[in-house]
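Breakdown of the fold
Spelled out from the first residue to the last, the chains are:
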Amino acid sequence: QVQLEESGGGLVQAGGSVRLACAASGRTSSTYAMGWFRQAPGKEREFVARVTWSGGNIYYADSVKGRFTISRDNAKNMVYLQMNSLKPEDTAVYYCAASRKGTIIYDYWGQGTQVTVSS
């Protein structure tokens, strides 16, 4: 079992920055990749960024390329999402997720943290 807990969300003005953190606990050795997703009111959950524990392979959604940076600290079982140049469109609940080794499916999810960007 893997538990994920996000932190760092809050209210920020457009153009500002926020850093989200995700703490993974439990059987973290069984996980392969960590991802960030977000869901705005009335919209479907969408992919934001992902990083693998081994190799650090990173992918970003086009909407956040150049503005967001995902990183991880393997020793601490932590993953981060540095969000810069925030836009009102970035307002959403941000979720941390983990996939198990051998699958691309994200099996574990955190409770989410709200990020609100004011114009």
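The present account deals with the structure reproduced in this document. No experiment lies behind these values; they were computed from the predicted model shown.

**Notes on the packing of aromatic side chains**
Going through the model one piece at a time under the given rule, you end up with four aromatic pairs. Summarising the aromatic geometry, the rings of Phe37 and Phe47 are spaced 5.7 Å apart at their centres and angled 75 degrees between planes, so their arrangement reads as edge-to-face. Taken together, the residues span a long stretch of sequence, with Phe37 in strand E4 (residues 31–39) and Phe47 in strand E5 (residues 46–52) at a distance of ten residues. Given a relative accessible area of 10%, Phe37 falls into the buried group. A relative accessible area of 29% means that Phe47 is categorised as partly exposed. On the numbers, 5.0 Å between centres and 80 degrees between planes, the contact of Phe37 with Tyr106 is edge-to-face.

**Some details on the layout of surface pockets**
Taken as a whole, the largest pocket spans an internal volume of roughly 160 Å³. Lining the largest pocket are 13 residues, and of these Arg38, Lys43, Glu46, Glu89 and Asp90 lie nearest its centre. Partitioning the lining of the largest pocket into residue classes produces two nonpolar, three polar and eight charged.

**Brief notes about the pattern of salt bridges**
Scanning the model with the defined rule gives five salt bridges in all. Ionic pairing is found between Asp62 and Lys65, a salt bridge with its closest N-O pair at 3.0 Å. A residue is classified by how much of its surface remains accessible, and Asp62, at 64% relative accessible area, is exposed. A salt bridge links Arg67 to Asp90; the shortest N-O distance between them is 2.8 Å. On the criterion of sequence distance, the pair formed by Arg67 in the loop between strand E6 (58–60) and strand E7 (68–73) and Asp90 in the loop between strand E8 (78–83) and strand E9 (92–100) is long-range, its members being 23 residues apart.

**Observations concerning the pairing of E9**
Across the nine residues that make up E9, a large majority, seven, are buried. The sheet contact formed by E4 and E9 spans eight bridges and is antiparallel. Within the sheet, the bridge partner assigned to Ala33 lies in E9 and is Ser99. Pairing between E9 and strand E11 (residues 113–118): three bridges, direction antiparallel.

**Concerning unusual backbone geometry**
In this structure, Asn77 is a non-glycine residue whose phi angle is positive, near 55 degrees. If you trace the backbone, Asn77 turns up in the loop between E7 and E8. The class of Asn77 is partly exposed, set by a relative accessible area of 23%. Of note, Ser85 is a non-glycine position whose phi angle comes to about 50 degrees, a positive value. Judged by relative accessible area, Ser85 falls into the partly exposed class, the value being 41%.

About the cut-offs
- Residues numbered from 1 in each chain as written.
- Predicted model: local features only at pLDDT ≥ 70, side-chain atom pairs only at ≥ 80, totals over all residues.
- Heavy atoms only, no water.
- Phe/Tyr/Trp six-rings, centres within 6.5 Å; stacked < 30°, edge-to-face > 60°.
- Helix = DSSP H or I, 4+ residues; strand = E, 2+ residues; numbered from the N terminus.
- Buried < 20%, exposed > 50% of the residue type's maximum accessible area, 1.4 Å probe, protein only.
- 1 Å grid on protein atoms, 1.4 Å probe; cavity = no way out; pocket = protein on both sides within 12 Å on 5 of 7 lines; lining within 4 Å.
- Points joined across faces, edges and corners; volume = space filled by probe spheres on them.
- Nonpolar A, V, L, I, M, F, W, Y, C, P; charged D, E, K, R; others polar.
- Salt bridge = Lys/Arg side-chain N within 4 Å of Asp/Glu carboxyl O.
- Pairing = 2+ DSSP bridges.

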